[in-house]
Structures are given as structure tokens and as C-alpha cells.
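Breakdown of the fold
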Amino acid sequence: PVPPTTQKAADVLEQVIRIFRELSKPSERTVQGLWAELFILAGAIAPAVVALAWRNSAFDRTDFATEHQRLEVKSSSGATRSHRFGAEQLWLPSGVNGIVASLFCQRSSGGMSVGELWNAVRSRVSADPALLLRVDGIVSETLGDAWKESLMIRFDWRTARETLRFYDMNTIPAIG
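Residues numbered from 1 in each chain as written. Predicted model: local features only at pLDDT ≥ 70, side-chain atom pairs only at ≥ 80, totals over all residues. Heavy atoms only, no water.

What follows concerns the nonpolar core. If you look at the biggest cluster of nonpolar residues, it comprises 33 residues, and the most contacted ones within it are Trp35, Leu38, Trp54 and Leu103. At the level of elements, helix 2 (31–42), helix 3 (47–53), strand 2 (69–76), strand 3 (97–104), helix 4 (114–125) and helix 5 (129–143) are the ones that each hand at least two residues to this core. The element best represented in this core is helix 2, accounting for 9 residues. Membership of the second largest hydrophobic core comes to 5 residues, among which are Leu90, Leu92, Val96 and Val100. (Core = buried A, V, L, I, M, F, W, Y, C linked by side-chain atoms within 4.5 Å. Buried < 20%, exposed > 50% of the residue type's maximum accessible area, 1.4 Å probe, protein only. Helix = DSSP H or I, 4+ residues; strand = E, 2+ residues; numbered from the N terminus.)

Laid out in C-alpha cells, this is it:
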């Protein structure tokens, strides 16, 4: 109802241009990892809050972060719940709670595709156009130039849901 300011329109246009640029760069993360993060977002009680906490870049220490909380999402395609952590991923500042979400991602032709899961998340945050652009930006940065093929990759939703476990970061052995 109210036209955006020139600056706001320029900011949105800049974000859209950035999304298209990201789609021509090589991906720096795995499709499986993105699917697992989107899985967490799709199932969140407050998807807008979780989407706001989603990483700003592929180089953030954890996948989701607020002032007092951290969430790292780890997925495994094998038969064991075995994950690797960066040296600093399990370090928490005082007063911050950290959780690791661990799940199994099994490829399945009958599963949910990355594209379908992305659309599910988009519909959950669509009331906030800025948040929708943020989600699209993170997905495009993650998929990079392999976006077309990556959107078709499918993982079993039920396996992910049934194997999802949460662990306190403080209980995971790490270098001090």
C-alpha cells in the first residue's frame, strides 16, 4: 500500500542481483547439508525466528545463531551417526546455549526434493518479503552453479524425522 523509498527499492534490487550472481559461482557446501538445514526450518515452530538466525555465509561457525543460542545441523548418509566439527564450532561464549541437530539423510526417489523443501520454507516465511529474500539468498549461495541439478535431489523425509536427535554442545568432546 505504501510505495517503498528509493533506497529500499535499491536495496531489494541489489539483493536480487546478488542471488543471480551466486547462482553462477561454485557451491561451497553440500546439497545434503542444505537439505538438512531446510528440513529444520520447515519443521520449526517459529520459522521466521529460525530463518532470521540462519547463517549469513558459508563461513559462519554455526548454521543458526542468535545472541544466546547456537544450532549446528549435522547430517549423515551412512549407517552411523558420525559427524565432523570445525575446531571452533563447539566453542560457546559464556551465557550461550548450543545444540547440535543430528539426522540421517537417505537419498530416495520417493523423498522430498531440495526444491520442494525450499518451496515449503518459502511459504512459511512468505509474509515477510525481506525474510523471503534472505532465504532465497542463502539457498542460492549454497547451491551455486549446480542449482538446477541440486533442486531435483531427493532425501527421505520420514527417515530424517525419525532419526532427528538433539545434543547439547557441552556434552560433545572437543578441543578446549
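With mixed pairing, the 4 strands of this open sheet are ordered in space as 1-2-3-6. Pairing within the sheet leaves two strands with one partner each, and these edge strands are strand 1 (64–65) and strand 6 (165–168). Here strand 1 pairs with strand 2 via 2 bridges, running antiparallel. Residue alanine 65 lies in a different strand from strand 2, and its bridge partner there is arginine 70. On the sheet, helix 2 packs against strand 1, strand 2 and strand 3 and is oriented at approximately 130° with respect to strand 2. (Pairing = 2+ DSSP bridges. Contact = heavy atoms within 4.5 Å. Axes fitted to C-alpha atoms, helices over the stretch in contact; angles between N-to-C directions.)

By themselves, these figures tell us nothing about what the structure is for.
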